[in-house]
Amino acid sequence: MTISPEQTAWFAATFRSMVENVETVVLGKRHVIELAFTAMISEGHLLLEDFPGTGKTSLARAMGQTVHGTNSRIQFTPDLLPGDVTGITVYDQKRGEFEFHSGPIFANIVLADEINRASPKTQSALLEAMEEGKVTVDGITRSTGSPFLVIATQNPIEQAGTYRLPEAQLDRFMMKTSLGYPDLASTIRILEGTSSAQVTVNPVITPQALVGMSDLARGVFVNPLVLDYIARIVEASRTTNQLRMGVSVRGARALTKAAKTWAAAHERSYVIPDDVKMLAEHILAHRVVVDPEAEFDGVTANAVIGQILLDIVPPLRSELA
């Protein structure tokens, strides 16, 4: 199914409305909000590595209100158990049968706050849900619903008592980014609003319509030359001596899916190399492992991906016509 010009125009207008709606709460962070909605529409998940108090919870809540969906917050701690995330089955003595009590994972938007503070066993409770949108408890599989987005956070400074996310779990996140502190003008606007009650936003779209946006994004055309460009970027990450582990196939597929959504959000029915460049670091950098010697010299994953984007020549616009 290809996306028509009318559908492309509706997609872009709706995407802008959703972003502007959340931007009334999360001030001065339009690009991060766009990335978050891109991940959601692309059926991916978002990892925020950020300091406390930068608006992560406000972002998740405002996104949930915008799509008229449900949202939940899980505070990950060392004593958190997998059942606290997925839910548990309890025996009801009056009825004489087992009853499932669903956990906070059953929501449209789940904020997994400070995910690296929980044990690997508890972290792994998210894996099936993030990959398949399903949760299996006591042999029974239940759907988390759709749309489904996990926004996980971790503190980049305080590492004491934390468990580093394994590569297999990092690979489940479509994107990794940071909200960061607001600029001066946005900070003043935030301070001006501190006397008001907690801000809520009006719904812009229904969960069912958002699923329809995901279906439309799949119809965005990707020229074989653009696919070749993505493949060459991925291949370069696997051959450079600065990385111990390159980008997985899942990472290449995530970049392709997100580029389709980004193109539709900017009112295009086709992907251009600039879409790939815009998203590449956010989608690929957290999936690679920097060689220890290169890391000792100050090399970062983002720098390596950035250099690869400089080295790989993208197809020309004239070739894509």
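This one's a predicted model, so the numbers in the text were calculated from it and none came from an experiment. Every chain begins its residue count from 1, and numbering advances along the sequence as written. With the structure being a predicted model, the display of local features is reserved for residues of pLDDT at least 70 and the display and counting of side-chain atom pairs for 80 or more, all residues being used for whole-chain, interface and lining totals. To obtain the side-chain values, all non-hydrogen atoms of the structure were included, while hydrogens and water were left out.

**Regarding the overall build of the protein chain**
Under the scheme used here, helices are H or I runs from DSSP no shorter than 4 residues and strands are E runs no shorter than 2 residues, and both carry numbers assigned from the N terminus. Helix and strand counts for the protein chain stand at 15 helices and 11 strands. The C-alpha atoms of the protein chain give 20 Å as radius of gyration, which agrees with the globular expectation for 321 residues (20 Å, within 12%). Across its three principal directions, the C-alpha atoms of the protein chain cover 70 × 50 × 45 Å. Exposure classes here rest on a 1.4 Å probe applied to the protein chains alone. A residue is buried below 20% of its type maximum, exposed above 50%, and partly exposed in between. Put simply, the protein chain has 321 residues, and 49% of those count as buried. We call two residues in contact when some of their heavy atoms are within 4.5 Å. Across the protein chain, contacts joining residues at least 24 apart in sequence account for 78% of those joining residues at least 6 apart. Charge-centre separation for the protein chain: the mean point of 28 positive side chains lies 3 Å from the mean point of 36 negative side chains. For this measure, only C-alpha atoms enter the radius of gyration; the expected value for a globule follows 2.2 Å times N^0.38, where N is the number of residues. Charge assignment: positive for Lys and Arg, negative for Asp and Glu; neither His nor the chain ends contribute. To locate a charge, the coordinates of NZ of Lys, CZ of Arg, CG of Asp or CD of Glu are taken.

**Observations regarding helix H1 (residues 5–23)**
Across its 19 residues, H1 extends 27 Å between first and last C-alpha, which sits within 8% of the 27 Å expected from 1.5 Å per residue. Those residues of H1 not exposed but buried are Thr8, Phe11, Ala12, Thr14, Phe15, Met18, Val19, Asn21 and Val22. Multiplying one less than the number of residues by 1.5 Å gives the expected span of a helix.

**Quick word on the packing of helix H10 (residues 224–239) against helix H12 (residues 273–284)**
With their axes 11 Å apart at the nearest point, H10 and H12 run at an angle of 30° to one another. Overall, the two elements H10 and H12 adopt an arrangement that is roughly parallel. Seen from above, H10 lies across H12 with right-handed handedness. Residues Val226, Tyr229, Ile230 and Ile233 of H10 lie in contact with H12, whose contacting residues are Pro273, Val276, Lys277 and Leu284. A per-class count over the contact of H10 with H12 returns seven nonpolar, no polar and one charged. With axes taken as lines fitted to C-alpha atoms, and helix axes fitted only over the stretch in contact, angles between N-to-C directions fall between 0 and 180 degrees. The cut-offs work like this: below 35 degrees is roughly parallel, past 145 is roughly antiparallel, 65 to 115 is roughly perpendicular, and the gaps in between are oblique. For a crossing to be left-handed, the near helix must be turned anticlockwise from the far one by less than a right angle; the clockwise case is right-handed. The nonpolar class holds Ala, Val, Leu, Ile, Met, Phe, Trp, Tyr, Cys and Pro. Asp, Glu, Lys and Arg form the charged class, and all remaining residues, Gly among them, are polar.

**Structural notes on the UniProt feature "domain: ChlI/MoxR AAA lid" (unreviewed entry) in the protein chain**
UniProt positions are given in the numbering used here, feature names are shortened, and annotations may be inferred rather than shown by experiment. Here, the residues flagged by UniProt with the feature "domain: ChlI/MoxR AAA lid" (unreviewed entry) are residues 236–306. Counting secondary structure, residues 236–306 comes out at 62% helix and 7% strand; the distance between its end C-alpha atoms is 12 Å.

**Quick word on the sheet that holds strand S2 (residues 71–75)**
Two pairing modes exist for strands in a sheet, parallel and antiparallel, and in both the strands are linked by backbone hydrogen bonds. At least two bridges found by DSSP between two strands are what make those strands a pair. The five strands lie next to each other as S2-S5-S8-S1-S9, forming an open sheet whose pairing is parallel. Every interior strand has two partners, whereas the edge strands, S2 and strand S9 (175–177), have only one. Pairwise comparison of adjacent strand axes, ignoring direction, gives a mean angle of 15° for this sheet. Bridge count for strand S5 (residues 109–113) against strand S8 (residues 149–154) is four bridges, and the pairing is parallel. By the bridge assignment, Ala112 is partnered in S8 with Ala152. Across the sheet, helix H3 (residues 56–66) is in contact with strand S1 (46–49), S2, S5 and S8; its angle to S5 comes to roughly 170°.

**Here we look at the domain arrangement of the protein chain**
Where each domain starts and ends follows an automatic or database-derived domain assignment. For the protein chain, the domain assignment lists domain 1 (1–205) and domain 2 (220–315). For domain 1 and domain 2, the distance between their C-alpha centroids amounts to 24 Å. Once two parts are put together, the accessible area they lose, assessed with a 1.4 Å probe and summed over both, is termed the buried area. Buried surface at the junction of domain 1 and domain 2, both sides included, amounts to about 2,000 Å², of which 61% is carbon and sulfur. Each reported salt bridge corresponds to a side-chain nitrogen of Lys or Arg within 4 Å of a carboxyl oxygen of Asp or Glu. Our count for the contact surface shared by domain 1 and domain 2 stands at four salt bridges. Among the salt bridges present, the one from Arg287 reaches Asp171, with a minimum N-O distance of 2.7 Å. In the analysis that follows, any N or O atom pair within 3.5 Å is treated as a polar contact, provided that within protein one partner can donate a hydrogen and the other can accept it, and provided that, for residues neighboring in sequence, both atoms belong to side chains. Where domain 1 packs against domain 2, one counts 10 residue pairs in polar contact (both at pLDDT 80 or more). Considering each element in turn, the side of domain 1 that touches domain 2 owes the most residues, six residues, to H1. For the side of domain 1 that touches domain 2, the per-class residue count stands at 11 nonpolar, five polar and eight charged.

**Some details on unusual backbone geometry**
Between Ser146 and Pro147 the backbone carries a cis peptide bond, its omega angle lying at 0°. Inspection of the secondary structure puts Pro147 in the loop between strand S7 (140–143) and S8. In this structure, Glu43 takes a positive phi of about 65° despite not being glycine. Of note, His68 is a non-glycine position whose phi angle comes to about 55°, a positive value. Secondary-structure assignment places His68 in the loop between H3 and S2.

**Focus on the pairing of strand S4 (residues 97–102)**
Of the pairings in the sheet, the one linking strand S3 (residues 87–92) to S4 comprises six bridges and is antiparallel in character. Among the inter-strand pairings, Thr89 is bridged to a residue of S4, identified as Phe100. Where S3 folds back onto S4 in an antiparallel hairpin, the turn is made up of four residues, including Gly96, whose phi is positive at roughly 70°.

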